[in-house]
Amino acid sequence: MASAAALCEPHPWLLPPRAQGLSYSGVTNEEELLALRVAPFKQHSKTLSLFVFTRSMAVLAQNYVYTLVRFAGVTNYVAATGSPEDFQACLDLNLPCWDAARFIPNLRLNASDEDSLHGTKQYNAITWWKPRLVAYLVERGFVVHMSDVDIAYSTKPLWASYLRYIEDVQADAAMAHELGRVKDYGAIQFGLDVQANTGNYAVLPTPGGRALMHRWAEAALLYPSLNDQQGFFKLRNVTLGTSHDFCWMPHQCERARAWADDGSNKTGVVRLYALSSMTHFPSGCLYSNTGREEGMTVDPCHWTMMYVHVICRAGAGRKTKNLKRAGFWFIDDSEILPAGQIPRCKPLRWNYPHIEDEFLRLHLVRTSANDGGRKPVVLLLHGFPEGWFSWRHQMEALRDAGWCAVAMDLRGYGTSDKPQDINSYRMRLLVEDVVGVIRAIAPPDTGRVALCGHDWGGMIGWHVAHMYPELVDRLAVVCFPHPQRFKCSQMSLEQLRRCWYIFAFQLPWLPELLLQAGDYNVFDAMFLKGPTACKRPGAVTSQQVERYKIAFSQPGALTGSINYYRALLDESTRNPDHSVQKALQRPLTMPVLLMWADQDAVLRPPLLRGTEKHVLNLRVHMLENCSHWAQQDRPEEVNRLLKDFLLPAASQ
C-alpha cells in the first residue's frame, strides 16, 4: 500500500511543512539532491526537469507541479531558487529545492515582488539565470527539461514526447515556435526572423547541445539589456557566429544537422514545434485585447494539447486569470491567507479524497461543476479497449440536459493507475474503485448516482448495482449481458466461439505483443475496417483511433487492460469470490435500461434471454444496424434513450 507521501506526489505542499517521508526530505546539498531526483528514460541515464521557484509565483508553481506530475507523468523535477527567502518558502512547500543563487549573473534575486520587475535589468538578469542552470547540467551529462511556471500540462507524456521529437531528426533540442513571426514556413531553416519561445524546452547533452547552451549562457555578458529569449534570437546573427540553427520539417533538420556537424561550425540544431494553444486560439496569446477569444476554452485532454503557456501577459495575477479562462487551472486558490504565509492550494479537479484514501489514483473527467451538489450525477464507465473518451457524445448531451456527467478511466486505462498483477483486477477491487468515486461525487442529499456502463463498464456496473444498491439510483448498460448470463455454462457453442479472445488473453505476454504489432493495427481493425467495426461511416475517425493507440502505448496499459480477462477466468473457475456471487443472486429493484446492438459481432442477442429473472424493473432496447461500439456508432439514439431513462431521477 502506498504511503501518504507517495500519494501526495502531485501536491506535496498538502503535507505538513518540512514533512519527513519524501525521498528528498531534508536534502539541501546540491549533489545529493540532483542524485536523488535524476531518473533514467530509455537509453538516457540522467534526465531532469527544472523550473524556477519564487514566492510571488508560488500559487502558479503549485498548479504547474500538479499538472506536471499528474498529467505529464514527470516526477523527476527540481525547483531552483535564487534567494534565501525563496529557498525557505520552497522547503516549506515540501518541494525538492535547489539553492542555485550562484548561477544568477551579477546579482541575487531579492525578495521583492517579481511582477514589478518585468522589463527591468534585474528581470533580465533573472531570465539569464535559466540558461546558465541548464548549461551547467547539460555539461554534466544531464538531459534537461526547463520550464516557466506559467504553464499547465495536458495528459501527453512529456519525456516521451520531447525525446521522440528531438531524436527522430537527430536534433539537439526542441523549443516552441512563436507563430506569426514567419510568413513563409518553407524558409524556416535559415531565416533570421524565426523566433523561439524559451519558456519550455528540452536539450540533450550532445556536442551540439553543449555548444548551444554554453554560447547561450555566456551571451548574458553580450546582451545585458535583453532577456534570455531576446538574446537567444540575437545569437543567430551570422556576423557574430551562430550558436544554433532552427528546423521544423525532417528534411530541414537533415540539412541543419549536416551544416552543424561541419568541423568549423560547432552548433546545435533546435527543432521547433507549434505551441499547442495555437491550434485553439487565433493569436499567439491565450487571450488578447481584441476580445476575439472571449468564451474560448481548451479541453485539457484534447489530443493536440501538450501544454498551455501564457506568453503575452506579465504578472502572476494576469497569468493565473488566463489559465483559468482557458480551462487549465486545477487548484483552489480562493482561500485568503494572512500576509507572509505561502498559500497551500488543494486540487480542484480529478482529485477525490475517497479514492485517494484507497491509495489508487483514477482519472475522471467532468462536464461541469456540480453546483454544490444540486445537480444529479451520472457516472459513465467505459469498456475494452477504450477510455473515458468513448463517452464524449453522451457527456455533452447529458450536460445540456442538466446533469453533471462524470466519465472515468478504469484502473489499467488512460492516466489512471495501472497495477500489473492479475489479482489487482478481481471484480471486488474494480467495484470498490467505482464505489469510491460514487461516494466522492454523489450529491450529499441523496448519496446516489445514475450509473451507465458499456462492455466491461457494463459488467462492473451490474456488480456495483447488486453489491451496493443503496448507491445506484438507476442503471443503464450498453452491450453487456447480466453477469449470470455471461457464464460458459449459459452460452451456446456459437457464442463461446465468438468469445475466443477471452481464452487467448490467458496467455502471458503474447497478447500484449500481438496487440501492439504493426503500430497497434488491431485498433484499426476493431473500429474502422474489421467485422467489429462501426456501421455508421465516420462514427470513429482514424484520428480518434490514434488517440486510443497513444493511450495503450503507455507503460503498463496493455497488460492492465488484458488482466481484466485473466482475472475474470481465474475468478469464475479456480478462485471464485463467493460473496460477489451471492450478491448477484439478489434481484435488482432499481430501474434498469439495457441497450443492445443488433450487429454486435461478439455479444449476440441470445445473451439477453433470462435477464428479467435478475431485474424486476427492466427495459430493453435493440439498436438497429449498430456495432458493439454503440454509444459512438449511434450517439443520437443512445443519447435520447439515456435522457428519457434518466429524466425521472433528474426531476426528483
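Caption draft 1: Region of interest: the overall build of the protein. The number of helices and strands found in the protein is 23 helices and 20 strands. The proportion of buried residues among the 652 residues of the protein is 58%. At a minimum sequence separation of 6, the contacts of the protein that also span at least 24 residues come to 73%. Accessible surface, the protein as shown: approximately 26700 Å² in total, 54% of it carbon and sulfur.

Caption draft 2: Up close: the pairing of strand S15 (residues 377-381). Summarising burial for S15: five of the five residues are buried, a large majority. Of the two faces of S15, the one lined by Val377, Leu379 and Leu381 and the one lined by Val378 and Leu380 are each fully buried. Bridge count between S15 and strand S16 (residues 404-409): five bridges; the pairing is parallel. From the neighbouring strand, Val377 faces S16, where its bridge partner is Cys404. For the crossover from S15 across helix H12 (residues 392-400) to S16, the handedness is right-handed. Both S15 and strand S17 (residues 449-454) contribute to a ladder of four bridges, which runs parallel. The partner of Leu381 across the bridge, within S17, is Gly453.

Caption draft 3: Structural detail: the packing of aromatic side chains. Enumeration according to the criterion identifies 34 aromatic pairs in this entry. Between the aromatic rings of Phe480 and Phe486, the centroid separation amounts to 4.8 Å while the plane-to-plane angle is 50 degrees, which identifies the pairing as tilted. Neither Phe480 nor Phe486 differs from the other in exposure class; each is buried. One aromatic cluster is present, formed by Phe384, Tyr413, Tyr425, Trp456, Trp500, Tyr501, Phe505, Tyr520, Phe523, Phe552, Tyr564 and Tyr565 through successive ring pairs. Between Arg392 and the ring centre of Phe389, over which it is positioned, the NZ or CZ distance is 4.4 Å.

Caption draft 4: The arrangement of the confidence of the model for the protein in detail. Model confidence for the protein is summarised by a mean pLDDT of 83, while 81% of its residues fall at 70 or above. Under a pLDDT of 50 for its full length, residues 107-116 has, in the predicted model, 27 contacts with residues more than four places off or in other chains. Taken together, the stretch residues 289-293 has pLDDT below 50 and engages in nine contacts with residues farther than four places along the chain or on a different chain.

Caption draft 5: Here's a closer look at the pattern of salt bridges. Tallying each qualifying case throughout the model produces 21 salt bridges. A salt bridge links Arg164 to Asp168, with the nearest nitrogen and oxygen atoms 3.0 Å apart. Taking the shortest distance from any N to any O, the salt bridge between Asp577 and Arg428 comes out at 3.4 Å. With Asp577 in the loop between helix H20 (557-572) and helix H21 (578-584) and Arg428 in helix H13 (residues 427-441), the pair connects residues that are 149 residues apart, well separated along the chain. You can call Asp577 buried: its relative accessible area is 18%. One network of salt bridges, with partners in common, ties together Glu30, Glu31, Arg102 and Arg140.

Caption draft 6: Looking closely at helix H7 (residues 207-218). Helix length check: H7 (12 residues) gives 17 Å between terminal C-alpha atoms against 16 Å at 1.5 Å per residue, within 8%. Within H7, the full set of buried residues consists of Gly208, Gly209, Leu212, Met213, Trp216 and Ala217. The buried residues of H7 occupy one face: seen down the axis, they fall within an arc of 155 degrees.

Caption draft 7: Fine view of the nonpolar core. Membership of the largest hydrophobic core comes to 108 residues, with the highest contact counts inside it found for Phe53 and Trp98. Top contributing element to this core by residue count: helix H3 (residues 58-70), with nine residues. When near neighbours in sequence (up to four residues on either side) are disregarded, Phe53 contacts Ala58, Ala61, Ala79, Ala80, Thr81, Asp86, Ala89, Cys90, Leu93 and Leu95.

Caption draft 8: Inspection of the state of the cysteines at higher detail. Throughout the structure, instances matching the rule amount to two disulfides. Disulfide pairing places Cys90 opposite Cys97 at an S-S distance of 2.0 Å. Around the S-S axis, the bridge from Cys90 to Cys97 shows a dihedral of about -95 degrees and counts as left-handed. Each member of the pair Cys90 and Cys97 is classed as buried. Unpaired in terms of disulfides, Cys499 finds its nearest cysteine sulfur in Cys488, a separation of 8.0 Å. Assessed through its relative accessible area of 2%, Cys499 is described here as buried.

Caption draft 9: How the structure looks around the pairing of strand S18 (residues 472-478). Judged by how many residues are buried, S18 sits mostly within the fold: seven of seven residues are covered. Since S17 and S18 lie parallel, the crossover through helix H14 (residues 456-467) that links them has a hand, and here it is right-handed. In terms of strand pairing, S18 meets strand S19 (residues 592-597) through four bridges, oriented parallel. Note on S19: the bridge partner recorded for Leu475 is Val592.

Caption draft 10: Focus on the packing of H13 against H14. One way to put it is that H13 packs onto H14 with a least axis distance of 9 Å and a crossing angle of 75 degrees. With respect to H14, the element H13 is oriented roughly perpendicular. Between H13, through Met427, Arg428, Leu430, Val431, Val434, Val435 and Ile438, and H14, the contact on the second element is made entirely by Trp456, Met459, Ile460, His463, Val464 and Met467.

Caption draft 11: Representation of unusual backbone geometry within the structure. Phe384 connects to Pro385 through a cis peptide bond whose omega is -5 degrees. Looking at the secondary structure, you find Pro385 in the loop between S15 and H12. The backbone of Cys479 sits at a positive phi, close to 60 degrees, despite the residue not being glycine. Here Cys479 lies in the loop between S18 and helix H15 (493-498). With a phi close to 50 degrees, Asn625 is a non-glycine residue in the positive phi region. With respect to the helices and strands, Asn625 occurs in the loop between strand S20 (618-623) and helix H22 (630-633).

Caption draft 12: Geometry of the environment of Met459. Residue placement: Met459 occurs in helix H14. Separated by 23 residues in the primary sequence, Met459 and His482 place their C-alpha atoms 7.4 Å from one another. Aside from chain neighbours lying at most four places away, what touches Met459 is Met427, Phe480, Pro483, Phe486 and Leu568.

Caption draft 13: Main features of H12. For H12, the set of buried residues is Arg392, Gln394, Met395, Ala397 and Leu398. Positive backbone phi, at 100 degrees, marks Gly402, one or two positions downstream of H12.

Caption draft 14: Expanded view of the side chain of Asn63. Within the secondary structure, Asn63 sits in helix H3. From its side chain, Asn63 meets the backbone oxygen of Phe328 in a polar contact 3.3 Å long. Engagement of the side chain of Asn63 in a polar contact is seen with the backbone nitrogen of Phe330, the distance being 2.8 Å. If near-sequence neighbours (up to four positions away) are discounted, Asn63 is found in contact with Ala152, Leu323, Phe328, Trp329, Phe330 and Ile331.

Caption draft 15: Inspection of the environment of Phe233 at higher detail. Among the secondary structure elements, Phe233 is positioned in helix H8 (residues 228-234). When the C-alpha atoms of Phe233 and Gln195 are compared, they prove to be 6.4 Å apart, with 38 residues separating the residues in sequence.

About the thresholds
- Residues numbered from 1 in each chain as written.
- Predicted model: local features only at pLDDT ≥ 70, side-chain atom pairs only at ≥ 80, totals over all residues.
- Heavy atoms only, no water.
- Helix = DSSP H or I, 4+ residues; strand = E, 2+ residues; numbered from the N terminus.
- Buried < 20%, exposed > 50% of the residue type's maximum accessible area, 1.4 Å probe, protein only.
- Contact = heavy atoms within 4.5 Å.
- Areas by Shrake-Rupley, 256 points an atom, 1.4 Å probe, with all protein chains shown as cover.
- Pairing = 2+ DSSP bridges.
- Right-handed = clockwise from strand over helix to strand, strands pointing away.
- Phe/Tyr/Trp six-rings, centres within 6.5 Å; stacked < 30°, edge-to-face > 60°.
- Lys NZ or Arg CZ within 6 Å of the ring centre and 35° of its normal.
- pLDDT = per-residue confidence, 0-100.
- Salt bridge = Lys/Arg side-chain N within 4 Å of Asp/Glu carboxyl O.
- Expected span 1.5 Å × (residues − 1).
- Arc of directions from axis to C-beta.
- Core = buried A, V, L, I, M, F, W, Y, C linked by side-chain atoms within 4.5 Å.
- Disulfide = S-S within 2.5 Å.
- Axes fitted to C-alpha atoms, helices over the stretch in contact; angles between N-to-C directions.
- Parallel < 35°, antiparallel > 145°, perpendicular 65-115°, else oblique.
- Polar contact = N/O pair within 3.5 Å; in protein donor to acceptor, adjacent residues only side chain to side chain.

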